[in-house]
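In case you want the letters, here they are:
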Number of protein chains: 4
Amino acid sequence: MSRRQEAKARDGNEIEFSRIVAFSDGVFAIAITLLVLNLTIDTDIPRDELGQAIWDQRENFLAYAISFAVIGRFWLVHHRYFSEIKAFDGRLIGLNLVYLAFIVLIPFSSQVLGEYGGTTTAVVVYAVNLAAVVVIGGLMVADARRGGLTTIDAQTHRENGIRSAYIAAVFLASIPIAFLAPTLASLMWLVLFFDPASRLARSAVN
Amino acid sequence: MSRRQEAKARDGNEIEFSRIVAFSDGVFAIAITLLVLNLTIDTDIPRDELGQAIWDQRENFLAYAISFAVIGRFWLVHHRYFSEIKAFDGRLIGLNLVYLAFIVLIPFSSQVLGEYGGTTTAVVVYAVNLAAVVVIGGLMVADARRGGLTTIDAQTHRENGIRSAYIAAVFLASIPIAFLAPTLASLMWLVLFFDPASRLARSAVN
Amino acid sequence: MSRRQEAKARDGNEIEFSRIVAFSDGVFAIAITLLVLNLTIDTDIPRDELGQAIWDQRENFLAYAISFAVIGRFWLVHHRYFSEIKAFDGRLIGLNLVYLAFIVLIPFSSQVLGEYGGTTTAVVVYAVNLAAVVVIGGLMVADARRGGLTTIDAQTHRENGIRSAYIAAVFLASIPIAFLAPTLASLMWLVLFFDPASRLARSAVN
Amino acid sequence: MSRRQEAKARDGNEIEFSRIVAFSDGVFAIAITLLVLNLTIDTDIPRDELGQAIWDQRENFLAYAISFAVIGRFWLVHHRYFSEIKAFDGRLIGLNLVYLAFIVLIPFSSQVLGEYGGTTTAVVVYAVNLAAVVVIGGLMVADARRGGLTTIDAQTHRENGIRSAYIAAVFLASIPIAFLAPTLASLMWLVLFFDPASRLARSAVN
């Protein structure tokens, strides 16, 4: 019996499928919101030095902005990916959990980046975390496609491909830059707030 | 091809659309609940001084109440706004993420306000945070309307307009007051717990 | 125009209504889960004293169990209450937010109770928090019923009444006991894990 | 009147039933995401010792991976279990809350395990927590089946049985190992990331 035959079809298991999607969305929403916990203020700052103390956290605010963009972008990719799933089995669910485990690590990596933004170690920790997300996401997609669990929609497929490649390219390009100018590398990541897929798809159509 | 034509209609993409809404709701719910983490109690207070220690946190309780009202009010505005959306695209989703990034900052700004309530810095941090939410929300609405992504319902439109203007007015009015009497400015924000739109709409009808 | 006429009917606004319910559920779920953050372990305990250090937290575990039961029970009450709502307006949503603001306070009150379980102050903080929830919940129900926003189902009405009275009675009875034996009062609250309504309703039917 | 007759059928109470499931899913999603809070970095580490400081947290990362796998696996079990429920009553909801109370404890037990991984105390705390989840889950299932609240689907029943037994076996086997080599015991738990039920079910069919 092939994997596809024994997998559960989405159509007949809409409630179960939507629980998986809702669980993933919940994890994304919580992880993205926990980022704010990396921003704290000591309770014993002299009142006239508060402005300076907040300004001293500018690296943490930058890490917050980057990580919010990154998790938001991954959520969109995940979102688009699951919209093309038409059946699921234990392996897909397991891979999805491993994927989420690396998403949930981002607030930690982001804390390291915020506190030690100028160091090679912090950039490597962050880049490894995000690379793991991209690689496991790629494995999950490839595995599901090989197992026949996805629909074949050239447009969606192409948009997802553009998005994944875009994210991977941004992170790969940032690593060498990070060794020279870590803050610039961090600023580069902010472009992840913008979604190239619809724009590229549009120009491809026209 | 116009933006409206290439945007996804809500009707044919109800699941995808509801994931965006559910994600936003999740972020709001988590951000509002994380406010409680700004209230903590040291573990080494002499037992007969506990009452005093809790009383000393009255500024933190006030900040909690204000921020709960503020996030709750923004959630309602977001809620009403998305109920009039009929199509969505990458730009709307991106703007929504930026919007949420400033919502999630509120627990931090609220912590600053709670700890340093009497300082101009704390009030400016808080007011800037909330002003960013209102401005980005306004941009998001204006952009979606220009792109033809919203339905035209004069009543809802009018109620949303009243709500946004009401919130903006409360914050704008509070800034000069905050330079003179920060606590009074904070108390002003509590009026956000009450929703003027239905009342004003009602009197307009009658 | 009466309040009922201008309120939105649930039937024609199922998505909007379910967002309110989902938001409330999210807040309950986050608040109940944040309780675990009141349980922490220092990182510098000698390894052979770890058992003792955990045992020393027994008051915190008790507070955790009580508050989990309390929030779970309030969630059920809220759940039952909203299942009888047939229309909603701004006032109901506003009261619901105030209600949730006191639910979200429970992890703080629970921390105070866990750290200072034997003090009158801690018990009063906790009891005031819970009393506020019960009172505001009662106001919300009464207001909605007066406005004609609820369905009239004698069985549900009766079960909700039994549940609210049961919770109120448990807390009221615990306050005098808390002045004599705080731990016993805390143990009393554990009975909230059990739901008397179905049992009482059953015996009333038979 | 039998329990089954007075329980609410899922079919006629889909919204109420789905609120229970969504609440449980929310709690699982939050608990699994809070695990990241056990990973923190001091803010005063010399910049060239950051790599060492992160490496020193390897036990915490291991505890994170294990607990993510454990909560994810329990979520799946819970997920499968509730997919066979066809009616629910107060007792099922109450048992589900007790079950969730032990799920929410896992981030605490995981923190103890991460900080004190080599100690018998930490392993016992963790194993007791997980054993409580398995035992209460078993009680909940048995009670619901006895009350006639579940559907009879031999395949699902068998898969759930395999999953529960598999989890129980992994933890039971790890306890004696933990007294000799705690890290090995922890590594054993990682096998919970993989789901044997579909594989075993498949070989049973063929």
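Rules used throughout
- Residues numbered from 1 in each chain as written.
- Chains lettered and ligands numbered in written order.
- Predicted model: local features only at pLDDT ≥ 70, side-chain atom pairs only at ≥ 80, totals over all residues.
- Heavy atoms only, no water.
- Phe/Tyr/Trp six-rings, centres within 6.5 Å; stacked < 30°, edge-to-face > 60°.
- Helix = DSSP H or I, 4+ residues; strand = E, 2+ residues; numbered from the N terminus.
- Buried < 20%, exposed > 50% of the residue type's maximum accessible area, 1.4 Å probe, protein only.
- Contact = heavy atoms within 4.5 Å.
- Buried area = accessible area lost by both parts, 1.4 Å probe.
- Salt bridge = Lys/Arg side-chain N within 4 Å of Asp/Glu carboxyl O.
- Polar contact = N/O pair within 3.5 Å; in protein donor to acceptor, adjacent residues only side chain to side chain.
- Expected span 1.5 Å × (residues − 1).
- Least-squares fit on C-alpha atoms with pLDDT ≥ 70 in both.
- Core = buried A, V, L, I, M, F, W, Y, C linked by side-chain atoms within 4.5 Å.
- pLDDT = per-residue confidence, 0-100.

This brings us to the packing of aromatic side chains. The description of an aromatic ring pair uses the distance of the two centres, along with the angle that the planes make with each other. Within the structure shown, the criterion is met by 20 aromatic pairs over all chains. With centroids separated by 3.9 Å and ring planes inclined at 15°, the aromatic side chains of B:Trp75 and C:Phe23 adopt a geometry described as stacked. Here B:Trp75 is found in helix 4 (residues 58-82), whereas its partner C:Phe23 is found in helix 2 (residues 14-34) on a different chain. You can call B:Trp75 buried: its relative accessible area is 1%. Among the residues examined, C:Phe23 registers a relative accessible area of 2% and is labelled buried. Between C:Tyr64 and C:Phe68, the ring centres sit 5.8 Å apart and the planes meet at 50°, which makes this aromatic pair tilted. Placement of both C:Tyr64 and C:Phe68 in helix 4 (residues 58-82) is noted, with a separation of four residues, approximately one turn of the helix. For the residue pair C:Tyr64 and C:Phe68, the accessibility class agrees, reading buried in each case.

Contacts between the two partners involve 37 residues from chain B, matched on the other side by 33 residues from chain C. Between chain B and chain C, the buried area comes to about 3200 Å², and carbon and sulfur atoms account for 72% of it. Linking chain B with chain C are one salt bridge. The shortest N-O distance in the salt bridge between C:Arg19 and B:Asp25 comes to 2.2 Å. The interface formed by chain B and chain C holds four residue pairs in polar contact (both at pLDDT 80 or more) in total. Every element with two or more residues in the side of chain B that touches chain C is listed here: helix 2 (14-34), helix 3 (50-55) and helix 4 of chain B.

Let us now look at helix 4 (residues 58-82) of chain A. Its 25 residues place the ends of helix 4 of chain A 36 Å apart at the C-alpha level, agreeing with the 36 Å of an ideal helix rising 1.5 Å per residue. The buried count for helix 4 of chain A comes to 21 of 25 residues, which makes it a mostly enclosed element.

Take chain B, turn it by 90°, move it 0.0 Å along the axis, and it overlays chain C with an RMSD of 0.0 Å. With respect to symmetry, the two chain copies, as superposed, fit the operation of a four-fold axis.

A separate point is the nonpolar core. Ranked by size, the top nonpolar core spans 264 residues in total, and within it A:Phe74, B:Phe74, C:Phe74 and D:Phe74 carry the most contacts. Those residues in contact with B:Phe74, other than ones at most four positions away along the chain, are B:Phe28, B:Tyr99, B:Ile103, B:Ile106, B:Leu130, B:Val133, B:Val134 and B:Ile167.

All right, on to the relation of the copies chain D and chain A then. Each copy superposes on the other: chain D lies on chain A with an RMSD of 0.0 Å after a rotation of 90° and an axial shift of 0.0 Å. A different interface surface on each copy is seen, since only 8% of the contact residues of chain D are contact residues in chain A too.

Let us look at the interface of chain D and chain A. Residue-level contacts link 37 residues of chain D with 34 residues of chain A. At the boundary of chain D with chain A, total buried surface from both sides reaches about 3200 Å², with 72% on carbon and sulfur atoms. There are four residue pairs in polar contact (both at pLDDT 80 or more) connecting chain D and chain A. If you list the elements that add at least two residues to the side of chain D that touches chain A, you get helix 2 (14-34), helix 3 (50-55) and helix 4 (58-82) of chain D. Considering every element that reaches the side of chain D that touches chain A, the biggest residue donor is helix 4 of chain D, with eleven residues.

All names here are of chain A. Looking at chain A as a whole, its pLDDT mean stands at 80, while 82% of the residues score no less than 70. Model confidence for chain A, summarised as mean pLDDT per element, is weakest for helix 9 (residues 196-205) at 49 and strongest for helix 5 (residues 90-115) at 92. Across the assembled chains, the prediction reports ipTM 0.82 with pTM 0.86.

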